[in-house]
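Structure assessment
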Amino acid sequence: IEHIIKDATLFQQKDTFQDDVIVLTVNFLDEEKTPPTTMWNRFCTPDRCVFKIKTKHINTDAATQFVIEHIAEKSGIAPDELRKLSIAFFEVLNNAVEHGNLEMTEFKKNPECFDSEKYRKIYENRKLSDKYGDRLIHIECLYTVDELRLSVEDEGNGFDSQAICDPSCES
């Protein structure tokens with residue numbers, strides 16, 4: 001797909017398309033060799049890859065492994081050398097799911113609920129619901145010669161940044 005898009009942009013001598021572009025690829029995979037997660041939607045060019053997945057379908061461990069392996073393939077860096085990035089990416093992705101799309105922050109603040117079966121049930125119910133589970137996680141990787149920019153965005157309501165105290169000041 002990447003080669004088709006590249007060839008099409010070279011042919012038309014510009015990087016954008018006047019209308020939608022649809023390219024369909026069908027891979028026939030052995031079920032035992034299939035990765036544990038499949039991104040809901042993926043678009044890649046040589047210097048940019050965008051992944052989107054519904055919260056209800058995400059497995060943060062498998063998605064982290066998938067993205068890190070993708071970065072390793074694009075960058076030529078061995079996946080085991082990306083261990084620290086893997087840990088940081090997992091944390092960012094997990095926060096986007098738990099606090100962003102599932103809006104679990106208030107339950108986590110409640111000591112009676114957090115680390116309980118009740119919290120786990122609320123988490124699973126929200127993840128499977130249409131209201132929260134259909135929200136997307138957007139993952140974007142931008143590649144340059146000497147830099148990787150990685151972003152994760154959720155579709156949650158966010159929070160009031162003015163309500164957070166400045167951590168550099170004593171309270």
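It should be noted that the structure appears before, not after, this text.
Being a predicted model, the structure only gives us computed values, none of them experimental. (Residues numbered from 1 in each chain as written. Predicted model: local features only at pLDDT ≥ 70, side-chain atom pairs only at ≥ 80, totals over all residues. Heavy atoms only, no water.)

Points about the packing of aromatic side chains
- The tally for this structure, following the rule as stated, stands at one aromatic pair.
- On the basis of an interplanar angle of 85 degrees and a centroid distance of 5.7 Å, the ring pair of F51 and F66 is categorised as edge-to-face. With F51 in strand β2 (residues 48-54) and F66 in helix α2 (residues 60-75), this residue pair connects regions lying 15 residues apart in the sequence. In this pair, the class of F51 matches that of F66, namely buried. (Phe/Tyr/Trp six-rings, centres within 6.5 Å; stacked < 30°, edge-to-face > 60°. Helix = DSSP H or I, 4+ residues; strand = E, 2+ residues; numbered from the N terminus. Buried < 20%, exposed > 50% of the residue type's maximum accessible area, 1.4 Å probe, protein only.)

With respect to helix α3 (residues 83-101)
- Look at α3: 26 Å from first C-alpha to last across 19 residues, which is about the 27 Å you get at 1.5 Å a residue.
- Residues F89, L93, N94, A96, V97, E98, G100 and N101 constitute the buried set of α3.
- The secondary structure elements touched by the buried residues of α3 are α2, α4 (105-109), α5 (117-128), α6 (130-133), β3 (136-143) and β4 (148-153).
- E103 lies just past α3 and shows a positive phi near 50 degrees. (Expected span 1.5 Å × (residues − 1). Contact = heavy atoms within 4.5 Å.)

Digging into the pattern of salt bridges
- With the rule as written, the count across this model stands at seven salt bridges.
- Ionic pairing is found between K56 and D130, a salt bridge with its closest N-O pair at 3.1 Å. Separated by 74 residues along the polypeptide, K56 in the loop between β2 and α2 and D130 in helix α6 bring together distant segments of the chain.
- K56 gets classed as partly exposed once you look at its relative accessible area, which sits at 22%.
- Look at D130 and you get exposed, because its relative accessible area is 55%.
- In this structure, E147 and R149 form a salt bridge, with 3.3 Å as the shortest nitrogen-oxygen distance.
- Shared partners join several salt bridges into a network, and the residues in it are K54, K56, D130 and D134. (Salt bridge = Lys/Arg side-chain N within 4 Å of Asp/Glu carboxyl O.)

Here we look at the sheet that holds β3
- Strand order in the open sheet formed by four strands is β1-β2-β3-β4, and the pairing between neighbours is antiparallel. Since the sheet does not close on itself, it has two edges, and those belong to β1 (41-45) and β4, each with one partner. Across the sheet, the mean angle separating the axes of adjacent strands is 10 degrees when strand polarity is ignored.
- Relative to β2, β1 runs antiparallel, the two sharing five bridges. Looking across to β2, one finds that T45 is bridged to R48.
- α2 rests against β1, β2, β3 and β4 of the sheet, and its axis sits at about 15 degrees to β3. (Pairing = 2+ DSSP bridges. Axes fitted to C-alpha atoms, helices over the stretch in contact; angles between N-to-C directions.)

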